[in-house]
Amino acid sequence: MSIEKELTQRLTAAFAPERLEVINDSHKHAGHMGDDGTGESHFTVLIRAKDFGPMSRVARHRAVHAAIGDLNQRIHALALDISAP
């Protein structure tokens, strides 16, 4: 399964978001440091979920990183845009 699909599945399961976009930005970094040649090294995640409402910005980021678990080790860069709807 692709990392993009795994990110989508894990974030959906953890937060039941109202909006979720997982964007593979790896093509923008081809040949740069962190590009492992797989085409799955750099991602942007935009997520809107009610669960984030009472959380601080740092708590939101920690929650997302906890939800994606070992995928943190398999990608080079993850840009996050997290908020409540």
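## A short note on the nonpolar core
Right, so step 1: Leu7, Leu11, Phe15, Ile47, Phe52 and Val64 are the most contacted members of the largest nonpolar core, which totals 17 residues.
Right, so step 2: Of all elements in the fold, only helix H1 (3–15), strand S2 (42–48), helix H2 (57–68) and strand S3 (77–83) reach the threshold of two or more residues within this core.
Right, so step 3: Looking at this core, the element that brings in the most residues is H1, giving four residues.
Right, so step 4: Apart from residues lying up to four places away in sequence, Leu11 is in contact with Ala16, Pro17, Leu20, Val45, Ile47, Val64, Ala67 and Ile68.

## A few points about the sheet that holds strand S1 (residues 19–24)
Right, so step 1: What the three strands build is an open sheet, ordered S1-S2-S3; its pairing is mixed. Edge strands, defined here as strands with exactly one partner in the open sheet, are S1 and S3. Pairs of neighbouring strands in the sheet enclose a mean axial angle of 10°, with direction left out of account.
Right, so step 2: Where S1 lies against S2, six bridges are found, and the strand directions are antiparallel. Residue pairing for S2: Asn24 is matched across the bridge by Phe43.
Right, so step 3: H1 rests against S1 and S2 of the sheet, and its axis sits at about 160° to S1.

## A word on the pattern of salt bridges
Pairs can form between side chains of opposite charge whenever their charged atoms are close.
Right, so step 1: In total, this model carries six salt bridges according to the counting rule given.
Right, so step 2: Among the salt bridges present, the one from Glu6 reaches Arg10, with a minimum N-O distance of 3.2 Å. Of this pair, Glu6 and Arg10 are both found in helix H1, four residues apart, which corresponds to roughly one turn of the helix.
Right, so step 3: On the basis of relative accessible area, Glu6 is assigned to the buried category, the value being 12%.
Right, so step 4: Given the relative accessible area of 26%, Arg10 is considered partly exposed.
Right, so step 5: As a salt-bridge pair, Asp70 and Arg10 come within 2.7 Å of each other at their nearest N and O atoms. Within this pair, whereas Asp70 is found in the loop between H2 and helix H3 (71–74), its partner Arg10 is found in helix H1, the two being separated by 60 residues in sequence.
Right, so step 6: With relative accessibility at 40%, the residue Asp70 sits in the partly exposed group.
Right, so step 7: Within this structure, Glu6, Arg10, Asp70 and Arg74 form a network of salt bridges that share partners.

Each value, and the rule that gives it
- Residues numbered from 1 in each chain as written.
- Predicted model: local features only at pLDDT ≥ 70, side-chain atom pairs only at ≥ 80, totals over all residues.
- Heavy atoms only, no water.
- Core = buried A, V, L, I, M, F, W, Y, C linked by side-chain atoms within 4.5 Å.
- Buried < 20%, exposed > 50% of the residue type's maximum accessible area, 1.4 Å probe, protein only.
- Helix = DSSP H or I, 4+ residues; strand = E, 2+ residues; numbered from the N terminus.
- Contact = heavy atoms within 4.5 Å.
- Pairing = 2+ DSSP bridges.
- Axes fitted to C-alpha atoms, helices over the stretch in contact; angles between N-to-C directions.
- Salt bridge = Lys/Arg side-chain N within 4 Å of Asp/Glu carboxyl O.

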